[in-house]
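A look at the structure
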Amino acid sequence: MRLMLAPMEGVIDYTMRGLLTSLGGVDRCVTEFIRVTERLLPPRVFLRLCPELAQGGCTAAGVPVYVQLLGGQAMALAENAARAAELGAAGIDLNFGCPARTVNRSDGGSILLREPRRVHAIVAAVRAAVPAQVPVTVKTRLGYEDDSLFLDIVRGIEAAGANELTVHARTKRHGYQPPAYWEEIARARQVVSLNIIANGEIWSPADALRCRAITGCKDLMLGRGALCRPDLPRLVAAAAAGNEPASLHWPDILPLLLRFLELNLAHYDPCYAPNPLKQWLVYLRAYFPEASAIFEQVKRLREPAQVKEALLQAISATAGAHGTAAAA
Ligand SMILES: Cc1cc2nc3c(=O)[nH]c(=O)nc-3n(C[C@H](O)[C@H](O)[C@H](O)COP(=O)(O)O)c2cc1C
């Protein structure tokens, strides 16, 4: 089994990929989408969203990062995909799932699922433009309004020569509303031999096993679940192998928060560095109730030094509480 870390615009960026892949269990990452209109983008755009291009296309932990492109113009996407490959991308991923109105209005993301032939043409053009050794993968939803074209889309993607396909098992109309319709992925697997990676609503190792059983997919992609519970990839990998490793607890998460702040301080303008940390706390509190108190403490702090101090205090308070508990 392989586990992919989902692309998440504004959330899973270079620093988050660096942190999450350092915890193990992730086999591949995908960047946030790079929007392509008609022009060939300068290298700095690719390097901004995928700084890993300057480190062999991998995170510091050695996990390959595919560059995701989004757009509706086959030739422009092909040229930009070729450029990303030249810059050292480990692979190219094409986004046909984005539900955002602004993106859909400008002919990108899930709106293209209304036209399976265009999806096919885009994938074929990109595949032809990128060296054969660089994988071209596709990420899609089940459809735009409904899933009536889903199997045509999937067949077209295979015929266009894509190496793999990730399916987020919902239509654009479903948005992010549970459930994910994993059984639709099983239907797709019956009509193509292309490897399909299942995605959507995997929050626990038990969900992952159920998703694999229903879809028949070996490989999974984890998004929000991995943010709420950063050891999820490791736990899922272990569960699939029949093992039960120890999970991370809140005292293990606190030092990760500090490390994340430091990664952001090193990579971004320091005055923005606390923002990704606050955003991550919002995800973490879905699984770790303790994250709410820290979030309340830091949400109005703007100085990185103050945020760091709050984290250090929380770490020493937790260590103190554990020391007291152990002594008792
Ligand atoms: C905030 C946010 C940003 C996202 N950005 C992207 C993106 O840039 N490209 C993409 O293909 N999917 C994007 N997605 C969709 C996720 O990759 C994934 O398909 C979806 O969250 C379902 O998986 P999950 O239930 O494991 O989170 C985004 C989702 C969220 C919630």
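You'll find the structure just up there.
The rules behind these values
Residues numbered from 1 in each chain as written. Predicted model: local features only at pLDDT ≥ 70, side-chain atom pairs only at ≥ 80, totals over all residues. Heavy atoms only, no water. Pairing = 2+ DSSP bridges. Helix = DSSP H or I, 4+ residues; strand = E, 2+ residues; numbered from the N terminus. Axes fitted to C-alpha atoms, helices over the stretch in contact; angles between N-to-C directions. Salt bridge = Lys/Arg side-chain N within 4 Å of Asp/Glu carboxyl O. Buried < 20%, exposed > 50% of the residue type's maximum accessible area, 1.4 Å probe, protein only. Near = heavy atom within 4 Å. Polar contact = N/O pair within 3.5 Å; in protein donor to acceptor, adjacent residues only side chain to side chain. 1 Å grid on protein atoms, 1.4 Å probe; cavity = no way out; pocket = protein on both sides within 12 Å on 5 of 7 lines; lining within 4 Å. Sits in = over half its atoms within 2 Å of the grid points. Nonpolar A, V, L, I, M, F, W, Y, C, P; charged D, E, K, R; others polar. Core = buried A, V, L, I, M, F, W, Y, C linked by side-chain atoms within 4.5 Å. Contact = heavy atoms within 4.5 Å. Phe/Tyr/Trp six-rings, centres within 6.5 Å; stacked < 30°, edge-to-face > 60°. Lys NZ or Arg CZ within 6 Å of the ring centre and 35° of its normal.

Glancing now at the sheet that holds strand β1 (residues 3-5). Spatially, eight strands are ordered β1-β2-β3-β4-β5-β6-β7-β8 in a closed barrel, and the strand pairing comes out parallel. Ignoring which end each strand starts from, the neighbouring axes of this sheet average 30° apart. Note that strand β2 (residues 28-35) and strand β3 (residues 65-70) share five bridges and pair parallel. Within the sheet, the bridge partner assigned to Val30 lies in β3 and is Tyr66.

Turning our eyes to something else, we now look at the pattern of salt bridges. Counting across every chain of the model gives 14 salt bridges. In this structure, Glu201 engages Arg170 in a salt bridge whose closest nitrogen and oxygen atoms are separated by 2.9 Å. Taken together, the positions of Glu201 in the loop between β7 (195-199) and α8 (205-215) and Arg170 in the loop between β6 (164-168) and α7 (182-191) put the pair 31 residues apart, joining distant regions of the chain. There is no split in this pair, since Glu201 and Arg170 are both buried. Each of the salt bridges in this network shares a partner with another, and the network as a whole consists of Arg2, Arg28, Glu164 and Asp219.

This part is about the environment of Met4. For Met4, the position within the fold is in strand β1. Among the residues examined, Met4 registers a relative accessible area of 2% and is labelled buried. In sequence terms Met4 and Val65 are 61 residues apart; their C-alpha atoms lie 9.8 Å from each other.

Looking now at the environment of Val130. Locating Val130 in the fold gives a position in the loop between α5 (116-129) and β5 (136-140). Assessed through its relative accessible area of 5%, Val130 is described here as buried. C-alpha separation for the pair Val130 and Ala85, spaced 45 residues apart in sequence, amounts to 6.6 Å.

To continue, consider the site of the ligand. Near the ligand you find 18 residues, and of these Pro7, Glu9, Gln68, Asn199 and Arg224 are the closest. The separation between an oxygen atom of the ligand and a polar main-chain atom of Phe33 is 3.4 Å. Arg224 has a polar side-chain atom sitting 2.7 Å from an oxygen atom of the ligand. Judged by the proximity of its atoms to the pocket grid, the ligand belongs to the largest pocket. For the shell around the ligand, the residue count by class is seven nonpolar, six polar and five charged.

Here the focus is the nonpolar core. Across soluble globular proteins, you tend to see nonpolar side chains buried next to one another. Core analysis: the largest hydrophobic core is formed by 98 residues, its most contacted members being Leu69, Ile92, Leu257 and Leu281. Per element, the largest residue contribution to this core is eight residues, and it comes from helix α11 (residues 250-267). Ile92 has contacts with Tyr66, Val67, Leu69, Ala81, Ala84, Ala85, Val126, Val130, Val134, Pro135, Val136 and Thr137, leaving out every residue within four places of it along the chain. The next biggest cluster of nonpolar side chains, apart from the first, holds six residues, and it includes Met4, Ala6, Val30 and Met221.

A few words now on the side chain of Glu201. Take Glu201: its relative accessible area is 14%, and that puts it in the buried class. At a separation of 2.9 Å, a polar atom in the side chain of Glu201 contacts the side chain of Arg170. At 3.0 Å, the side chain of Glu201 forms a polar contact with the side chain of Arg224. Contact partners of Glu201, with chain neighbours within four places excluded, come to Arg170, Tyr176, Pro178, Pro179, Ala180, Trp182, Asp207 and Arg224.

Enumeration over the complete set of coordinates arrives at three aromatic pairs. Note on Trp250 and Phe288: the rings are 5.8 Å apart at their centroids and 40° apart in plane angle, and the pair reads as tilted. On the criterion of sequence distance, the pair formed by Trp250 in helix α11 and Phe288 in the loop between α12 (274-284) and α13 (290-298) is long-range, its members being 38 residues apart. Judged by its relative accessible area of 5%, Phe288 is buried. For the pair Tyr287 and Phe288, a centre-to-centre distance of 5.0 Å together with 85° between the ring planes defines the contact as edge-to-face. Chaining the aromatic ring pairs together yields one cluster made of Trp250, Tyr287 and Phe288. The residue whose ring lies beneath Arg285 is Phe295, and the NZ or CZ to ring-centre distance is 4.9 Å.

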